[in-house]
Amino acid sequence: MGPSPSGSTGFRTPASPVELLRQRLFRRPQAAGEGPLNSSFGRTLHQWLDMNCWSPQQLSSLIQISSQNRLQSSAIEIDNILRCATIDIQSRLFRSLATVHQGVTMGKASEVVTASPDPSQDTFLLAYAVPITTDRSADLASWWFGLYCGEAWASTKLNPPLPMPSVIGLSVELSYLVRQAIVETHRDPVMELQRLSRRIFPKSRAKSEAFNNWALGMNTLRGDELHDTIHLIMHIVNHYDSSVKSIEQLLRAAADLKTQRALEGFQERPRS
């Protein structure tokens, strides 16, 4: 994650070799706008997107969906704010972000959680999202405006940033967690994933086969592909294992698995 509004990175000094290995494996790339010139507003917005694995394009889509096309903010505009490349922020942005936050806190996507996986439903982006404030303050455009103005009352409402692992590099571990969730329901993972892939991508045999091969551990997804698919992966895992309730929990499980495998590989190396 990027630094918190106070400037802290959110990572503690490693207390053990295992923690040091974890940080090396899952060090997040630095945001393009990070540095002394980056605004607190941009950093905080970056943290919220980071916590929910949203891209600027996905947030732009959520604004349209949540406001029923009454409000719009382009991915370029959002990306510029994250990079602190523009200070020309219109009031509609504060209203837009408040509308999206209402969708998170009011559980507008709650029905999706128990539905069959369907990648066309953009509500996956909301179904497992976390709010940016400790209460529903961010449901109001005035809170976002207060945060933009640097008002102390607004920043005291912020949820503390979570040191989430980066989704990049977790393709193998995430596919294993998908298979594991299916196996624990006493289903055949090969047959179930074949059925699931066809249902998810009914109009594209190529996409169906690619997803099926990934889920079976026969290929990997690149960073951008994995990021764009993580909400669908989250929904599938939750569909079979309801104890996994958030993307943060899913990524932490995948990171722990990768750390464990790395440690086992290190211990098995022959000593000279």
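Residues numbered from 1 in each chain as written. Predicted model: local features only at pLDDT ≥ 70, side-chain atom pairs only at ≥ 80, totals over all residues. Heavy atoms only, no water.

*Asks:* Got a minute to help me understand the overall build of the chain in this structure?
*Replies:* In terms of helices and strands, the chain carries 14 helices and zero strands. Starting at the N terminus and ending at the C terminus, the chain contains elements arranged as α-α-α-α-α-α-α-α-α-α-α-α-α-α. Considering the chain as a whole, with its 272 residues, one finds that 41% of them fall into the buried category. Expressed as a percentage of contacts within the chain between residues at least 6 apart in sequence, the contacts between residues at least 24 apart total 69%. Here the chain has roughly 14400 Å² of accessible surface; of this, 52% comes from carbon and sulfur atoms. (Helix = DSSP H or I, 4+ residues; strand = E, 2+ residues; numbered from the N terminus. Buried < 20%, exposed > 50% of the residue type's maximum accessible area, 1.4 Å probe, protein only. Contact = heavy atoms within 4.5 Å. Areas by Shrake-Rupley, 256 points an atom, 1.4 Å probe, with all protein chains shown as cover.)

*Asks:* Explain the packing of helix H11 (residues 189-200) against helix H12 (residues 205-215) to me, please; I cannot follow it from the model alone.
*Replies:* Geometry of a packed helix pair, given as the angle between the helix axes and the separation of the axes. Interhelical geometry of H11 versus H12 gives an angle of 145 degrees and a closest axis separation of 8 Å. Of the two elements, H11 crosses H12, and the hand of that crossing is right-handed. Counting all contacts with H11, which are made through Leu 193, Gln 194, Ser 197, Arg 198 and Ile 200, the residues of H12 involved are Ser 208, Phe 211, Asn 212 and Ala 215. A class-by-class count of the residues in the contact of H11 with H12 yields four nonpolar, four polar and one charged. (Axes fitted to C-alpha atoms, helices over the stretch in contact; angles between N-to-C directions. Left-handed = near helix turned anticlockwise from the far one by under 90°. Nonpolar A, V, L, I, M, F, W, Y, C, P; charged D, E, K, R; others polar.)

*Asks:* What exactly am I supposed to notice about the environment of Asp 228 here?
*Replies:* Among the secondary structure elements, Asp 228 is positioned in helix H13 (residues 223-240). Classification of Asp 228 by relative accessible area gives exposed; the value is 52%. Taking the C-alpha atoms as reference points, Asp 228 and Gln 58, 170 residues apart in sequence, are found 8.9 Å from one another.

*Asks:* Help me understand the side chain of Ser 137 in this model?
*Replies:* As for its placement among the helices and strands, Ser 137 is situated in the loop between helix H7 (124-127) and helix H8 (141-148). Note on Ser 137: relative accessible area 14%, which makes it buried. A distance of 2.5 Å separates the side chain of Ser 137 from the side chain of Asp 135, its partner in a polar contact. If we skip the residues at most four places from it in the chain, Ser 137 touches Trp 143 and Lys 157. (Polar contact = N/O pair within 3.5 Å; in protein donor to acceptor, adjacent residues only side chain to side chain.)

*Asks:* Even after reading the chapter, I still don't get the pattern of salt bridges, so can you show me in this structure?
*Replies:* Where charged atoms from two side chains of opposite charge come close, those side chains can pair. According to the stated counting rule, one finds ten salt bridges in the structure shown. Glu 77 serves as the salt-bridge partner of Arg 92, at 3.2 Å between the closest nitrogen and oxygen. Highlighted residues: Arg 92 in helix H5 (residues 91-105) and Glu 77 in helix H4 (residues 75-82), separated in sequence by 15 residues. For Glu 77, a relative accessible area of 14% gives the class buried. For Glu 248, the salt bridge goes to Arg 252, with nearest N and O atoms at 2.7 Å. Of this pair, Glu 248 and Arg 252 both sit in helix H14 (residues 247-268), separated by four residues, roughly a single helical turn. The exposure class of Arg 252 is partly exposed, given its relative accessible area of 28%. (Salt bridge = Lys/Arg side-chain N within 4 Å of Asp/Glu carboxyl O.)

*Asks:* Is there a simple way to think about the packing of aromatic side chains in this case?
*Replies:* We describe a pair of aromatic rings using the distance from one ring centre to the other and the angle between the two ring planes. Under the criterion given, the structure shown has ten aromatic pairs. Between Phe 41 and Phe 94, the aromatic rings sit 6.1 Å apart at their centres with planes inclined by 85 degrees, giving edge-to-face as the arrangement. Of the two residues, Phe 41 is situated in helix H2 (residues 40-52) and Phe 94 in helix H5; the sequence distance between them amounts to 53 residues. Residue classification places Phe 94 among the buried residues on the basis of a relative accessible area of 5%. Aromatic side chains Trp 48 and Trp 54 sit 5.0 Å apart centroid to centroid with 75 degrees between the ring planes, which places their arrangement in the edge-to-face category. With relative accessibility at 0%, the residue Trp 48 sits in the buried group. Accessibility expressed as a relative area gives 4% for Trp 54, which makes it buried. Site record: aromatic cluster; members linked through ring pairs are Phe 41, Trp 48, Trp 54, Phe 94, Trp 143, Trp 144, Phe 145 and Tyr 148. Directly above the aromatic system of Tyr 176 lies the positively charged group of Arg 261, at a separation of 5.2 Å from the ring centroid. (Phe/Tyr/Trp six-rings, centres within 6.5 Å; stacked < 30°, edge-to-face > 60°. Lys NZ or Arg CZ within 6 Å of the ring centre and 35° of its normal.)

*Asks:* Looking at this structure, how should I read the confidence of the model for the chain?
*Replies:* In low-pLDDT regions, the fine details of the predicted coordinates are not to be read closely. Looking at the chain, pLDDT values average 81 and 77% of them are 70 or higher. Taking the mean pLDDT of every element in the chain, the minimum, 46, falls on helix H6 (residues 110-113) and the maximum, 96, on helix H10 (residues 171-183). Scored below 50 in pLDDT, residues 1-14 makes 34 contacts in the model with residues more than four places away or belonging to other chains. Note that pLDDT drops below 50 for residues 108-116; the model gives that stretch 18 contacts with residues more than four away or on any other chain. (pLDDT = per-residue confidence, 0-100.)

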